[in-house]
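Residue-level structure breakdown
One-letter residues, chain by chain:
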Amino acid sequence: MTFADPQDPDAFRRILGHYPTGVAVITAMTQDGPVGMAVGTFTSISLDPPLVGFFPDQNSSTWARISAVGAFCANILGEDHEDICRAFATRGIDRFATVDWVPGPTGSPVLTDAIAWADCRVSEDRPIGDQQLVVGQVTTLALHTGEAAHRPLVFHRGRYGTTTTADVTSSLPLEGAWL
């Protein structure tokens, strides 16, 4: 076993990178048009009430624009969506130029290729460390039942991948999927 200094950002990132994370795109509709950002920190928080959360960087100009709206859609990406993730992680480009989307119930863009999505109202937004803790009250959610509904896109040890051992055929279908 090798110990590392938790104050060393490179060691912190390298060691915690051994824990895989799913990838989501957080979107909102501003007065200037759609905005979005890729995150690897999206998670469910509570069933009652239905809450989700994620942790954007405090210096994110995209999060500042989404936060001002007070609503967002968390679009969960599938194994074939690395290009979408990279586009939403790139600065200075039109992130919506190569994706199809429709407005969700809050007006936030729902990416039509997302394997699932949750439309939310921001219920908490506060600084924690060098990040923001964002909690969203889920107002609507859906599972895409098309071909993209196979495996999630996963980020692990600095690379994109997918799950290989999870049985994706055993999941229960959600009735009334919106897309």
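Residues numbered from 1 in each chain as written. Predicted model: local features only at pLDDT ≥ 70, side-chain atom pairs only at ≥ 80, totals over all residues. Heavy atoms only, no water.

Considering the overall build of the protein
Quick reminder of the rule: Strands are runs of DSSP state E lasting at least 2 residues, helices are runs of H or I lasting at least 4, and numbering of each runs from the N terminus. Each residue gets one of three labels from its accessible area relative to the maximum for its type: buried under 20%, exposed over 50%, partly exposed in between, using a 1.4 Å probe on protein chains only. Note on areas: these come from Shrake-Rupley sampling with a 1.4 Å probe, and a residue is covered only by the protein chains present in the view.
Across its full length, the protein holds 3 helices and 12 strands. Counting all 179 residues of the protein, 34% fall into the buried class. By element, 53% of the accessible surface of the protein is carried by carbon and sulfur atoms, the whole surface being about 10700 Å².

Considering helix α3 (residues 82–89)
The condition is simple: This arc is taken over the directions from the axis of the helix to the C-beta atoms.
Every buried residue of α3 is accounted for by Ile84, Cys85, Ala87 and Phe88. Angularly, the buried residues of α3 cover 160 degrees about the axis, an arc narrow enough to put them on a single face. Residues Asp83 and Ala89 are exposed on α3 and point more than 90 degrees away from its buried face.

Re the confidence of the model for the protein
The test is simple: Confidence of the predictor at the level of single residues is captured by pLDDT, which takes values from 0 to 100. The contact rule is simple, with two residues in contact once any of their heavy atoms fall within 4.5 Å.
In this model, the protein carries a mean pLDDT of 83, and residues with pLDDT of at least 70 account for 78%. Across residues 165–170, where pLDDT falls below 50, the model places 2 contacts with residues more than four positions away in sequence or in other chains.

Let's talk about the nonpolar core
Just so we agree on the cut-off: In this description, a nonpolar core means a group of buried Ala, Val, Leu, Ile, Met, Phe, Trp, Tyr and Cys residues linked to one another through side-chain atoms lying within 4.5 Å.
Judged by nonpolar contacts, the single largest core of 16 residues is most densely connected at Ile26, Phe54, Ile66 and Phe72. Those elements that place two or more of their residues in this core are β2 (24–30), β3 (33–39), β5 (51–54), α2 (61–69), β6 (71–76), β9 (116–128) and β10 (131–143). Formed by 10 residues, the second largest nonpolar core is a distinct cluster that contains Val23, Val25, Cys85 and Val99.

Describing the pattern of salt bridges
Where charged atoms of side chains with opposite charge meet at close range, the side chains can pair. For the record, the criterion: The term salt bridge refers to a side-chain nitrogen of Lys or Arg lying within 4 Å of a carboxyl oxygen of Asp or Glu.
As enumerated under the stated definition, the model contains 2 salt bridges in all. Of the charged contacts, one joins glutamate 82 and arginine 86 as a salt bridge, the two residues approaching to 2.8 Å between their closest N and O atoms. In this pair, glutamate 82 and arginine 86 are both assigned in helix α3, 4 residues apart and thus about one turn of the helix distant. Among the residues examined, arginine 86 registers a relative accessible area of 46% and is labelled partly exposed. Between glutamate 124 and arginine 126 there is a salt bridge, with the nearest N and O atoms lying 2.7 Å from each other.

A look at the packing of aromatic side chains
Short version of the rule: Pairing of aromatic side chains here covers Phe, Tyr and the six-membered ring of Trp, requires ring centres within 6.5 Å, and sorts the geometry by plane angle: under 30 degrees stacked, over 60 edge-to-face, intermediate tilted.
Applying the stated criterion to the full structure yields 4 aromatic pairs. Ring centres of phenylalanine 54 and tryptophan 63 lie 5.4 Å apart, and the angle between their planes is 90 degrees; this geometry places the pair in the edge-to-face category. This pair shows no difference in class: phenylalanine 54 is buried, exactly as tryptophan 63 is. Ring centres of phenylalanine 88 and phenylalanine 96 lie 5.1 Å apart, and the angle between their planes is 90 degrees; on these two criteria the pair is classed as edge-to-face. The two residues phenylalanine 88 and phenylalanine 96 agree in class, both being buried.

Remarks on the environment of aspartate 119
Our working rule: Between N or O atoms, a polar contact is any pair within 3.5 Å; within protein, one atom must be a potential hydrogen donor and the other a potential acceptor, and residues adjacent in sequence are included only when both atoms are from side chains.
As for its position among the elements, aspartate 119 is in strand β9. What makes aspartate 119 buried here is its relative accessible area of 0%. When the C-alpha positions of aspartate 119 and leucine 141 are compared, they lie 6.0 Å apart, and in sequence the two are 22 residues distant. If sequence neighbours within four positions are ignored, aspartate 119 has contacts with Phe72, Cys73, Gly104, Pro105, Thr106, Ser108, Gln137, Val138, Thr139 and Thr140. From its side chain, aspartate 119 meets the backbone nitrogen of threonine 106 in a polar contact 2.7 Å long.

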